[in-house]
Amino acid sequence: MAVSGTILPGVSKEQVQERAAAARQAQTVWARYTLSERVRRLRAVWAEIDAARPRIVETIREETGKPVAEIETMEIDGVSLILTYFTRHAHRILKDRPVSKPWFFFNKRAYVRHVPRGIIGLITPWNMPFLIPVGDAVPALISGNAVLLKPSEWTPRSALIVEEIVKATGLLPEGLFQVIIGDGAVGAAVADESDMILFTGSTASGKKVARAAAERLKPVVLELGGKHPMIVLRDAPLERAVKAAVWGRFANSGQICVGVERVFVEEELYPRFTEAVAKEIKSLRQGEGGEDTDLGRLIFPRQLEVVQAHLEDARAKGARVTGGEIIDAEKLLVSPALVLDARPDMKVMSEETFGPVLAVMPVRSPEEALRLANDTPFGLAASVWSRDVARAEALSAFVEAGLVSVNDVLSHYVVCSLPFGGVKDSGLGRRHSDEGMRMFCQPQSVLVHEWPPNLPEMWWFPYSRMKTRLISWMTRFA
Ligand code: NDP
């Protein structure tokens, strides 16, 4: 049972198949609309969704206990930025792309056309129940696809509101955007029925989805867990770095895939940094999702066990731990924890915590920080902090992560022109950006012979020695 309500009954495999059939039919209608028409309709749908903002905010608040500020800015304004980017740039991104050819094809046209894949299966987690599913649906729909969305069974209600609004507007063909309720097994059925899967969730589930997709040769994009290393060099801008570490870890109660999980601080700065971080954490106002709350609760009950296990392990291995007390187990309220003198063999440093726990470790040099930062199976987000921006930027090139920041945290998602995704166990493929939108289409290669209309090519039958020589000569200058 979710903290704020009951799990909604899931659908059967047969129902998923029926829904997919309806989506497929709707997609054939939708794909025939011009791109401008699809953009116009989606903008109009978004206006209706935005008008329902108070209801959506309240629903997300009930399901997740997030501070209202985070719901408004991260979840809803985040989607608004995604919509703005893709509606503004879709024509450029999806237009036919002429390509070069050998010179003796001067009388033909060659270009790449972007054809929608059909049904995009979006399987999404509980930590960002609106931003991730709705944000990913936007480019998938604009590019002419249907969407079957399987939100986490813990947080499906805001997606259901979107589905209801879509229906009420009548602007999209019936069945084009559908929310499918259920657990992991329903997610697997959605993946089965889709032509492409964009999965966001844990590495363990992502690997299962990838295995199933491989069996059917389906494209799959995986957006998985992370273990953000924040490398703080001795000349880092202290106040900004401290505030970034605390926000970057405790925003969304630490349940953000790109959230700061490990901080490596050069030892000269370590005492001042840790003292300031401890002070900053004390100033956080924790509550149950009010207007003036900085920190909410955990969303998913199992996270309470993970957080406690990681803190216990850190204590047992000699770290100095403050906070992390369970304020109310039923309400999943746990106070923000600071783990000082963390070591690589501790769970807080080696496994994804995905909770309000900030682990800090002193390092002797930037090289040591880099080695430890990369000593993880994950490779999603990372940041490097220094007043010498060029030096930090140079160091960031050696961090094994899909997303790196210099003197910044957690911002890639809303800079939609940047590809978003990870390396190693953090995923495969990218969302957002021009490439991320094109991945919802298959590249169809088009070759058109223009003139002379009725003359056969010399490389067709019949072959002759002279023709073969001529073709070889022409090829040499291609
Ligand atoms: P899970 O992997 O448990 O679940 C993600 C989604 O997949 C849920 O909808 C779940 O259903 C469904 N699911 C589970 N098993 C399968 C399966 N075999 N086939 C198809 N679908 C399945 O992840 P969490 O919900 O616990 O999310 C937290 C994780 O997500 C963290 O590791 C976090 O780092 C990662 N994440 C990554 C992001 C990124 O962009 N890289 C962004 C946000 C989070 P149900 O839960 O209903 O059972």
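Please refer to the structure placed before this passage.
Being a predicted model, the structure only gives us computed values, none of them experimental.

### A short note on the site of the ligand
So, point 1. Every one of the 31 residues lining the ligand counts as a neighbour, but Lys150, Glu153, Ser202, Ser205 and Glu352 are closest to it.
So, point 2. One of the backbone N or O atoms of Gly182 is found 3.4 Å from an oxygen atom in the ligand.
So, point 3. About the coverage of the ligand: the protein hides 89% of its 910 Å² of free accessible area.
So, point 4. Counted by class, the shell around the ligand contains 13 nonpolar, 11 polar and seven charged residues.

### Examining the environment of Gln255
So, point 1. Here Gln255 lies in the loop between α9 (238-250) and β9 (260-266).
So, point 2. In this structure the C-alpha to C-alpha distance between Gln255 and Gln308, which are 53 residues apart in sequence, comes to 15 Å.
So, point 3. Other than its neighbours up to four places away in sequence, Gln255 contacts Trp126, Asn127, Arg297, Leu298, Ile299, Phe300, Gln303 and Phe354.
So, point 4. Reaching out from Gln255, the side chain makes a polar contact with the backbone oxygen of Arg297 at a distance of 3.5 Å.

### A look at the side chain of Glu261
So, point 1. If you trace the backbone, Glu261 turns up in strand β9.
So, point 2. Take Glu261: its relative accessible area is 2%, and that puts it in the buried class.
So, point 3. Within the local environment of Glu261, its side chain forms a polar contact with the side chain of Lys227, the two groups lying 2.5 Å apart.
So, point 4. Contacts of Glu261, omitting those with residues within four sequence positions, involve Gly226, Lys227, His228, Arg249, Val348, Glu351, Glu352, Thr353, Phe354 and Ala359.

### Section: the environment of Phe105
So, point 1. Of note, Phe105 is situated in the loop between β1 (97-98) and β2 (108-116).
So, point 2. Exposure remark for Phe105: the relative accessible area of 19% places this residue in the buried category.

About the thresholds
- All residue numbers refer to positions counted from 1 along the written sequence of the respective chain.
- It should be noted that, the model being predicted, local features are given only for residues of pLDDT at least 70 and side-chain atom pairs only at 80 or more, the latter also being counted only at that level, while totals for whole chains, interfaces and linings use all residues.
- Remark: hydrogens and water are excluded; side-chain values derive from all non-hydrogen atoms of the structure.
- One heavy atom suffices: a residue is near a molecule or strand as soon as one of its heavy atoms comes within 4 Å of it.
- We define a polar contact as two N or O atoms separated by no more than 3.5 Å, with the added condition that, inside protein, one atom must be a possible hydrogen donor and the other a possible acceptor, whereas residues neighbouring each other in sequence contribute only through side-chain atom pairs.
- Note that accessible areas follow from Shrake-Rupley with a 1.4 Å probe, and for residues the cover is restricted to the protein chains shown.
- Gly is placed with the polar residues, together with every amino acid not listed as nonpolar (Ala, Val, Leu, Ile, Met, Phe, Trp, Tyr, Cys and Pro) or charged (Asp, Glu, Lys and Arg).
- What counts as a helix is a DSSP run of H or I of at least four residues, what counts as a strand is a run of E of at least two, and both are numbered from the N terminus.
- Whether two residues are in contact is decided by their heavy atoms: any pair within 4.5 Å suffices.
- Remark: exposure states derive from per-residue accessible area (1.4 Å probe, protein chains only) relative to the maximum for the residue type, with buried under 20%, exposed over 50%, and partly exposed in between.

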